[in-house]
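Here is how the chains run, residue by residue.
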There are 2 protein chains.
Amino acid sequence: MKAPQVRSPRKPKGQGGERREEILDAALRLFSDKGLQTVSTRQIAEAAGISQPALYAYFATKDDLIAELCVRAFAGLAARMEAGKADWSPTPEAFDKAMRVYIDFGLEQPDAYRVAFMIEKSHDGSFLARTGGRPMAAGVETFKAFAAMISDLHAHGLTAEDDPLRLTQTLWAGLHGLVSLLIARPEFPWVEREALIAGHIAMLRRGALTS
Amino acid sequence: MKAPQVRSPRKPKGQGGERREEILDAALRLFSDKGLQTVSTRQIAEAAGISQPALYAYFATKDDLIAELCVRAFAGLAARMEAGKADWSPTPEAFDKAMRVYIDFGLEQPDAYRVAFMIEKSHDGSFLARTGGRPMAAGVETFKAFAAMISDLHAHGLTAEDDPLRLTQTLWAGLHGLVSLLIARPEFPWVEREALIAGHIAMLRRGALTS
DNA sequence: AATGATAAGTTATCAGTGATAGATTATCGC
DNA sequence: GCGATAATCTATCACTGATAACTTATCATT
């Protein structure tokens, strides 16, 4: 029967006390530079100034570390969406603005976007299996905010589709297609990027809203 | 100065003489079951009835093997697109049909689709680096056929966009978004699939063509 | 039919991966 | 100082993709 001691916060060996943050920072930098697959746990550990097994005191698996980075980045997206809600109104202009928030997020946080929507869980369920659906849940949250906007447009009779949920899903797919292709195939001979994004949003608007 | 001997076809040890085909067949089955990442070269070799290093007599790397599978599958898509050209006409109905050919291909050949459009080359260029852009080239070919259709529609004044190339790219992105999300996130609470696809195509049509 | 050349396949091995076990060191309350 | 525990390290495991060196089967030719 052990005494229920108070887990007093204690400074680790390293330095300030934020080992976990240091690891996440180092990992994010490496992932952004070289991609998720090619970065090894040993490289992360070295960049964080610790030994490789020490990582496993803070993260159960490499995937858990990645998922954590993803969840944090999505918190940023949620914040942006929330901020955008301030000047929301059921108008085509606000629609365009919301689309661009999503696209900008994906292109600015490609690693987070990858983990959330582009990396597959293995068929036998290794990746993200015990991670539950944490990063996915973060994405679902964003999706809900999205669905609310579309429902609002639908309620005002501005949508060209009777089922707002279905419309939300097709719009999301439309956005995801551009973001994921730009991330995965940057070397493709795309037309000028700004024009591409603007054209894409315009196409989605024409397809989703009544003219 | 070696005599330019005739490389007479010779039966290998194994059986019929189609070792390479046997390997590709075994690999495709395994990849479809368990995903690209989790299947090891040893598993492929065992399924093909040879030792693991023997694979490297036929494929320089595992990625080359994957790329080969992709190229073959894309030949199938090219064939479908070509077949679809038979009853092509610059009409909304034909547009819908072409969209569906693409979506159906992606959903029926998810492994090929993954390799062609969803798997990223590592930033430092390991994957598909020496593979050149073979599978990518196969995709580009498909893209061209697509661009031809859009240009035809544009020439007949049916498009809602002045730049047919940009429109082709946004449409492709729109298609890719649905296909890749359905492949990567099948567990997401989608609306009924057929209605989703039909709705997606309808949205793309309204966004791309004049009503 | 025996021969040399070559293709096809083998076993043994390498460096690198994610992850675990057990010993070791630092830091705490007392 | 003391014991307890958190934090970290070294050593190691099973497995990965890939290579080297050797052996065996098949061929064209004599």
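Definitions and cut-offs
Residues numbered from 1 in each chain as written. Chains lettered and ligands numbered in written order. Predicted model: local features only at pLDDT ≥ 70, side-chain atom pairs only at ≥ 80, totals over all residues. Heavy atoms only, no water. Helix = DSSP H or I, 4+ residues; strand = E, 2+ residues; numbered from the N terminus. Buried < 20%, exposed > 50% of the residue type's maximum accessible area, 1.4 Å probe, protein only. Contact = heavy atoms within 4.5 Å. Areas by Shrake-Rupley, 256 points an atom, 1.4 Å probe, with all protein chains shown as cover. Least-squares fit on C-alpha atoms with pLDDT ≥ 70 in both. Salt bridge = Lys/Arg side-chain N within 4 Å of Asp/Glu carboxyl O. Buried area = accessible area lost by both parts, 1.4 Å probe. Polar contact = N/O pair within 3.5 Å; in protein donor to acceptor, adjacent residues only side chain to side chain. Nonpolar A, V, L, I, M, F, W, Y, C, P; charged D, E, K, R; others polar. Phe/Tyr/Trp six-rings, centres within 6.5 Å; stacked < 30°, edge-to-face > 60°. Axes fitted to C-alpha atoms, helices over the stretch in contact; angles between N-to-C directions. Parallel < 35°, antiparallel > 145°, perpendicular 65-115°, else oblique. Left-handed = near helix turned anticlockwise from the far one by under 90°.

A separate point is the overall build of chain A. Broken down by element type, chain A carries eight helices and zero strands. Counting every position in chain A, which comprises 211 residues, the buried fraction comes to 45%. Long-range pairs, those at least 24 residues apart, make up 69% of the contacts in chain A with a sequence separation of at least 6. About 10,400 Å² of surface is accessible on chain A, with carbon and sulfur atoms providing 54% of the total.

Rotating chain A by 180° and moving it 0.0 Å along the rotation axis overlays it on chain B with an RMSD of 0.1 Å. As the rotation angle and translation indicate, the two copies are arranged about a two-fold axis. Residue G177 of chain A of chain A places its C-alpha closer to the rotation axis than any other residue of that unit, at 1.6 Å. Taken together, the interface assignments show that 100% of the residues at the interface of chain A recur at the interface of chain B, consistent with an identical surface on both copies.

Our focus in this paragraph is the pattern of salt bridges. The final tally for this structure, using the stated rule, is 24 salt bridges over all chains. Between R206 of chain A and E161 of chain B there is a salt bridge, and its shortest N-O distance comes to 3.8 Å. In this pair, R206 of chain A sits in helix α8 (residues 193–208) while E161 of chain B sits in the loop between α6 (134–155) and α7 (164–184), so the two residues belong to two different chains. With relative accessibility at 26%, the residue R206 of chain A sits in the partly exposed group. Since its relative accessible area comes to 8%, E161 of chain B is described here as buried.

A word on the interface of chain A and chain B. Counting from both sides, the interface comprises 52 residues of chain A and, opposite them, 53 residues of chain B. Interface area, chain A with chain B, both sides summed: about 4,300 Å², of which 61% is carbon and sulfur. Summed over the shared surface of chain A and chain B, the number is two salt bridges. Seen at the junction of chain A and chain B, the total is 14 residue pairs in polar contact (both at pLDDT 80 or more). When contributions to the side of chain A that touches chain B are tallied by element, the ones reaching two or more residues are α1 (19–34), α5 (110–118), α6 (134–155), α7 (164–184) and α8 of chain A. The element contributing the most residues to the side of chain A that touches chain B is α7 of chain A, with 15 residues. Considering only residue class, the side of chain A that touches chain B consists of 26 nonpolar, 15 polar and 11 charged.

With respect to the helices and strands, the residue A138 of chain B is situated in helix α6. Considered as a pair, A138 of chain B and C70 of chain B are 68 residues apart in the sequence and their alpha carbons are 8.5 Å apart.

What follows deals with the packing of aromatic side chains. For any two aromatic rings, the description comes down to two numbers: the centre-to-centre distance and the angle of the planes. Residue and element names in this part refer to chain A. Scanning all chains against the criterion turns up 22 aromatic pairs over all chains. Taking 5.8 Å as the distance between ring centres and 85° as the angle between the ring planes, the aromatic pair formed by Y102 and Y113 counts as edge-to-face. With Y102 in helix α4 (residues 92–108) and Y113 in helix α5, the pair connects residues that are 11 residues apart, well separated along the chain. When sorted by exposure, Y102 lands in the same class as Y113, which is buried. With a centroid separation of 5.3 Å and 55° between ring planes, the pair formed by F143 and W172 is classed as tilted.

Let us now look at the side chain of S180 of chain B. Topologically, S180 of chain B is positioned in helix α7. Overall, S180 of chain B belongs to the buried group, its relative accessible area being 3%. Within the local environment of S180 of chain B, its side chain forms a polar contact with the backbone oxygen of H176 of chain B, the two atoms lying 2.8 Å apart. Among the polar contacts listed, one links the side chain of S180 of chain B to the backbone oxygen of G177 of chain B, at a separation of 3.3 Å. For S180 of chain B, the contacting residues outside a window of four places in its chain are H176 and S180 of chain A together with Y113 and M118 of chain B.

Another aspect to go through is the environment of V101 of chain B. Its location among the elements puts V101 of chain B in helix α4 (residues 92–108). Along the chain, V101 of chain B and M81 of chain B lie 20 residues apart, while their C-alpha atoms are 7.2 Å from each other.

Residues and elements named next belong to chain B. Here helix α1 (residues 19–34) crosses helix α2 (residues 41–48) at 125°, and the two axes come no closer than 8 Å. As summarised for this structure, α1 and α2 are arranged oblique, according to the angle between their axes. The handedness of the crossing between α1 and α2 comes out as right-handed. Contacts between α1 and α2 involve E22, I23, A26, A27, L30, F31 and K34 on the former and, on the latter, Q43, I44, A47 and A48.

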